Structures are given as C-alpha cells and as structure tokens.
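Here are the chains, one letter per residue:
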Amino acid sequence: MTDSLLTGHWSAWGSRLLSLTRIVAAFMLIQNGMMKLFAFPIGMPPDDSVAVFPSQVWFGGVLETFGGGLLLIGLCTRPVAFILSGMMAVAYFQFHAPRSFWTVVNGGAPAVLYCFLFLYLAAVGAGPWSVDALIRKRSVNP
C-alpha cells in the first residue's frame, strides 16, 4: 500500500474518529463524576465516599458528570469543552503538580491529557456524530 493510498483512506475517517474520541473521552469523564457524586460504580478512594456539597471536589464532579454528558451527545461542545479544559488544568496544578514536576510521579497524566483533548475539542468542535452537527445541518437545510 502506498503512502498516498493509506493517507487518502484514513483522511476520510478523520472527522468520524474525532466524534468517536469525543464520545469515549466523555464516557470516561462521566465515570469520574459519578464516582464523586453518587459513589457509582464505586465511591471515592480510600473509603468509597462521595464528595460533600459545596466542596471543590463536588463541583468538579458536577462538571465531570453533566459536562461529560453534554460532550457525550455533542451538545454545546465548544464552550463545554473549554470549561472542562480549564477544570482539568486547575486539577493538575492544584492537586498533581505540587507532588512532582513529572507526571509519572505525580499521577497527573490523565488530567494533562484531558486538558489538551478538551482544548482541542473546543477548537475543532464535536465532529459529525453529534447534536451540534444535527442542529447545524437543520439550520442550513430547514
């Protein structure tokens, strides 16, 4: 297979993979929020507890659960992703970075990856498999 043939084949999948990446990331984020708010499927370590209202962890759980839900369906993707990107940056610098500069030591790799993934989604949008795309399509062709 030549490079141009491979590139041509995969470039057609780029927007679909963008949507799939958004969906998978949102599903994973929702699990973190559900753990904090509802102790589902498990509670927060070390004692399987839930976050206490109105703590910062509780607000993070709300953003993860409901912001993740909006990302999952692809509704208001750009502003929601921007807010979630900022939340993950705060989480990293507040909870992980003080432990060590190195993410492998401070456990912050997921926060950094989520931060930049959500920043990317804020820039490019939800992709074709989203409510945003349906709304855009209906507004162009009523």
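Given the structure is predicted, the values throughout are model-derived calculations rather than measurements.

Asks: Sorry, what's going on with unusual backbone geometry here?
Replies: Apart from glycine, the bulk of residues carry a negative phi angle, and the bulk of peptide bonds sit in the trans form. Residue Pro-41 is reached from Phe-40 by a cis peptide bond, and omega for that bond is 0°. Positionally, Pro-41 belongs in the loop between helix 2 (14-38) and helix 3 (56-73). Residues Phe-53 and Pro-54 are joined by a peptide bond in cis, for which omega reads 0°. Position of Pro-54 among the secondary structure elements: in the loop between helix 2 and helix 3.

Asks: Would you explain the pattern of salt bridges in this entry?
Replies: Any two side chains of opposite charge can pair, on the condition that their charged atoms come close. The tally for this structure, following the rule as stated, stands at 1 salt bridge. Close ionic contact of Lys-36 with Glu-64 constitutes a salt bridge, the shortest N to O distance being 2.8 Å. Taken together, the residues Lys-36 in helix 2 and Glu-64 in helix 3 connect sequence positions 28 residues apart. Look at Glu-64 and you get buried, because its relative accessible area is 6%.

Asks: Please clarify how the packing of helix 3 against helix 4 (residues 77-96) should be interpreted in this entry.
Replies: Geometry of a packed helix pair, given as the angle between the helix axes and the separation of the axes. Helix 4 packs onto helix 3 with a crossing angle of 145° between their chain directions and a minimal axis gap of 10 Å. Between helix 3 and helix 4 lies a crossing whose hand is left-handed. Each of Gln-56, Gly-60, Leu-63, Glu-64, Gly-67, Gly-68, Leu-70 and Leu-71 in helix 3 lies in contact with helix 4, whose residues at this interface are Thr-77, Val-80, Ala-81, Ile-83, Leu-84, Met-87, Val-90, Gln-94 and Phe-95. Here the residues of the contact of helix 3 with helix 4 are counted per class, giving 10 nonpolar, 6 polar and 1 charged.

Scoring rules and cut-offs
- Residues numbered from 1 in each chain as written.
- Predicted model: local features only at pLDDT ≥ 70, side-chain atom pairs only at ≥ 80, totals over all residues.
- Heavy atoms only, no water.
- Helix = DSSP H or I, 4+ residues; strand = E, 2+ residues; numbered from the N terminus.
- Salt bridge = Lys/Arg side-chain N within 4 Å of Asp/Glu carboxyl O.
- Buried < 20%, exposed > 50% of the residue type's maximum accessible area, 1.4 Å probe, protein only.
- Axes fitted to C-alpha atoms, helices over the stretch in contact; angles between N-to-C directions.
- Left-handed = near helix turned anticlockwise from the far one by under 90°.
- Contact = heavy atoms within 4.5 Å.
- Nonpolar A, V, L, I, M, F, W, Y, C, P; charged D, E, K, R; others polar.

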